[in-house]
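# Secondary and tertiary structure notes
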Amino acid sequence: MLEPRLQTRKAEADFRTIFAPRWDGGALSPSEEPISQRAAWAIVNAYLLFRMAGQKGDLAEAERWFFGGHNLPSLVAYVDAQPALNALERLSFDEDLLELLPYVLEVHGPGSRMSIMRDPTTRSARDAKRENGVFYTPADVAEYQVADALTGHGKDIHCLDPSCGNGVYLVAMLRIAAQRAEKRFDRFAFTIRSLYGFDISALAVECCAFVLLHHCMPKIAPWSAWHAIRLNLAATDSLRFKAVAGETGTYSAAAKTRSRLRRQLIEGGHVERVEEKLPTDTGRKSSLFDEDGLPPLGAAFPETEAGFEVLAGNPPYAAIGHRDDRDVLEQEYASLKSGNGTADLYPPFIESMWRLTKPGNSSATLVVPLSIAFQQSAQFTACRQAMNAHGGRWRFAFFDRQPHALFGEDVKTRNAILFRTELPEEPPRDTTAQIETGPLKKWTSRTRDKLFASVSFTQLHGVSIIDGIPKLCGGEQSQAFTILSARTDTLRSLCERTRTCRPQEATLASEHLRVFVASTAYNFLNVFHRITVEGRHPLSENTVHCLQFASDDHAEMAFAILSSRLTYWLWHVEGDGFHVGGGFIQNLPFGRHSFKADQAEELRRCGRQMWEALQGHRIVSINKGKQTVAYRPLALEKERDAIDELLIDAAKIPKRFKQTLKSFVIDAVVVDDTDARRSHLKSLFDTQEGESS
């Protein structure tokens, strides 16, 4: 409604006069949206601020109120305001709108899996979000992260969101700081003193300043207050800065200039734009990025050149794609040195957790995809190696996508929340880090409010995270995993060959028994020998793993191992809780030389008994005209007890771990035993009949 009338040079010039940042240390290379679009959003944002402040009037009156008496050009004068005003008046200007503001101002518009089901025209917005890796963070996630990160720090701190978007994390920082304040808390003073953000979108940064102003409105001209906040928000890529060295003084003159501007704005004054030529390693210059290499952090925010005490955010989940500065970034970031053009963008942000924070006195937290824990590509291995080598104390919390997902049902992702602290009593930078990890959490809508309080961490001993971050709960699991990780004999030694095939191959005869494992799982691993197919529906085309053996004895041993609770637990610990990889199967820490003769014979017998018992737990499901055959072992407690006892004994794990495994499986399947809607899942552990559907 508003943007077309703002597509003139005069309107663009007026927008810059009103909203260009009051301090500029050099060209920061933002990804600028059309100025007409930014101007239209500015008109809307000023009106929302006006109405939420208890004022009433039209767009022109809102604009004059926002200017606060300063002589500034009007953007509303360019547009036909009435249609936009009619649309905006349908809103309820209340606390609910305040809570939703970061999301209401979403640049891409509504677009999610569920919105497309309701309205297919929102697909383009969803596609844009996915291309740019945009997943907006629920407030409870941000507040959980921020509450942890702020712990142990005083009032005089600098906090950064390295990809701030519309300000969800910065608002969370403000809220948590206000809740913890012992005396009268000045929200505006804390915001302009402590809250900083980077984002490549100039529009997002401008909207972020408005969102923060909603939460800390002082009794001065709103325009002056907006610019005081805008001083701490930079429209640039936070990856394009050198790692901090903890030193100060290089940018002291620029810091004083910014302090003077901030004081003038706090007093409600009008401030003209100031441009400075800042020092870098090669002397003073007009642009930060016109040399090989990256500028120091102080070139963007001079007062933070020693690093931030707190960093929190949710980085983009997307491929890094083509970048002109890729060669420079590869020199700076361990996770980009592999030169992989399809590399993910979020691992370099993980490195920012120490690159942009103050050595010896900082906390950082990011929410990222679960792949940081299990991906085996060179990029992720290098990232985990760098995490391990740069000191501090790491804690990892992991979240499944079923029954419910961390980002809600619109965005079905599996996630990890990373916490890193580097306080005086913890390993210093450039030494080996201390590692604590948690289990893969599952929850329902009924237990969401208790989810974060239930997260616990277990310290790892003698286990490297370079090849993956295990998902563990408690000392018994940690001890068992440490023991299993040290074993060198693997299931590969039992197999003659491993490969993938179509399920149809499992219907064919073979010289020796083969073992098949479905390539996905949830409540159990689907393990089977030869199958028969009934009915008119063909088998699914989804591939399965096929393990071939030189003898039936080896096949029966492998079948028992793969059917155990211990293997199901280890799959959760090492994987993503859904995909079953060939590498996981081959590297299971039990092989040809893992058992004494009597143990091996007993394991073979258990394998035969398990397959025989599973015939009563055969499940046939039909999906899109194709059938899938599965064998569910949950009710076979006696058979699985016998197998787990053999594996635990062979590995010299304490015998009590069998009960830990039983409890783990029940918890993983049932999730919430107080929810009547999930009571049927409890019955899976005693059902004695197969099913078909």
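Just so it is clear, the structure is predicted and the values come from calculations on it, not from any experiment. (Residues numbered from 1 in each chain as written. Predicted model: local features only at pLDDT ≥ 70, side-chain atom pairs only at ≥ 80, totals over all residues. Heavy atoms only, no water.)

## Quick notes on the packing of helix α23 (residues 597-614) against helix α24 (residues 637-651)
Selection criterion: To get an axis, fit a line to the C-alpha atoms, keeping to the stretch in contact for a helix; angles then go from 0 to 180 degrees between the N-to-C directions. Under the DSSP-based scheme used, a helix requires at least four consecutive residues in state H or I and a strand at least two consecutive residues in state E, with every element numbered from the N terminus. Every angle not falling under 35 degrees, over 145, or within 65 to 115 is termed oblique; those three ranges are roughly parallel, roughly antiparallel and roughly perpendicular. Whether a crossing is left-handed or right-handed is set by the direction in which the near helix is turned from the far one by less than a right angle, anticlockwise for left-handed and clockwise for right-handed. Pairs of residues are marked as contacts when any of their non-hydrogen atoms sit within 4.5 Å.
Their axes nearest at 9 Å, the elements α23 and α24 cross at an angle of 155°. Taken together, the axes of α23 and α24 are roughly antiparallel relative to one another. The handedness of the crossing between α23 and α24 comes out as left-handed. Every residue of α24 that contacts α23 at Q599, E602, L603, C606, M610 and A613 is listed here: E639, R640, A642, I643, L646, L647, D649 and A650.

## Remarks on the confidence of the model for the protein
For residues with low pLDDT, the predicted coordinates do not support detailed interpretation. This is how the line gets drawn: Residue-level confidence of the predictor is summarised by pLDDT, bounded by 0 at the bottom and 100 at the top.
Taken as a whole, the protein shows an average pLDDT of 91; of its residues, 91% reach a score of 70 or greater. Across residues 111-118, confidence stays below pLDDT 50; counting only partners more than four residues off in sequence or on other chains, it has 17 contacts. Of the regions scoring below 50 in pLDDT, residues 687-693 engages in 18 contacts with residues more than four places distant in sequence or in other chains.

## Structural notes on the packing of aromatic side chains
Stated formally: Each Phe, Tyr or Trp ring (for Trp, its six-membered ring) is paired with any other whose centre lies within 6.5 Å, and the angle between the two planes then decides the class: stacked below 30 degrees, edge-to-face above 60, tilted in between. For a ring to carry a charge above it, either NZ of a lysine or CZ of an arginine must fall within 6 Å of the ring centroid while also lying within 35 degrees of the normal to the ring plane.
One pass over the full model with this rule turns up 35 aromatic pairs. Between the aromatic rings of F66 and F67, the centroid separation amounts to 6.2 Å while the plane-to-plane angle is 55°, which identifies the pairing as tilted. A centroid spacing of 4.5 Å and a plane angle of 20° characterise the contact between Y144 and F452, whose relative ring orientation is stacked. In this pair, Y144 sits in helix α8 (residues 139-150) while F452 sits in the loop between α18 (448-451) and β13 (458-459), placing the two residues 308 residues apart along the sequence. Clustering of aromatic rings is evident, with ring pairs tying together F15, F19, F66, F67, F210 and W226. Lying over the aromatic face of F457, R395 brings its terminal NZ or CZ to 5.4 Å of the ring centre. The side chain of K471 reaches across the aromatic face of F398, ending 5.6 Å from its centre.

## Examining the sheet that holds strand β17 (residues 544-548)
The test is simple: When DSSP finds at least two bridges between two strands, those strands are taken to pair.
Here four strands make up an open sheet; going across it, the order is β14-β17-β15-β16 and the pairing antiparallel. Lying at the two open borders of the sheet, with one neighbouring strand each, are β14 (497-501) and β16 (527-528). Examined bridge by bridge, β14 and β17 share five bridges and lie antiparallel to one another. Within β17, the residue paired with R499 across the bridge is C546.

## Overview of the sheet that holds strand β8 (residues 310-313)
Spatially, β4-β3-β2-β8-β9-β11-β10-β12-β13 is the arrangement adopted by the nine strands of the open sheet, whose pairing is mixed. Edge positions in the sheet fall to β4 (233-234) and β13, since each has one partner strand and no second. Looking at chain direction, strand β12 (residues 434-441) and β13 are connected through two bridges and run antiparallel. What sits directly across from T437, in β13, is T458.

## Things to note about the pattern of salt bridges
Condition: The salt bridge definition used is simple: a Lys or Arg side-chain nitrogen within 4 Å of an Asp or Glu carboxyl oxygen. Categorising residues by exposure relies on relative accessible area from a 1.4 Å probe, with only protein chains included: less than 20% of the type maximum marks a residue as buried, more than 50% marks it as exposed, and the intermediate range marks it as partly exposed.
Throughout the structure, instances matching the rule amount to 42 salt bridges. Among the salt bridges present, the one from D24 reaches R273, with a minimum N-O distance of 2.9 Å. Note that D24 is positioned in strand β1 (residues 23-24) and R273 in the loop between α13 (252-266) and β5 (274-275), a separation of 249 residues in sequence. Here R273 falls in the partly exposed class, since its relative accessible area comes to 33%. In this structure, E330 engages R326 in a salt bridge whose closest nitrogen and oxygen atoms are separated by 3.2 Å. Of the two residues, E330 and R326 both sit in helix α14 (residues 326-332), four residues apart, roughly one turn of that helix. Of the residues examined, R326 reaches a relative accessible area of 9% and is grouped as buried. Connected through salt bridges with shared partners, the residues D553, E556, E601, R604 and R608 form a single ionic network.

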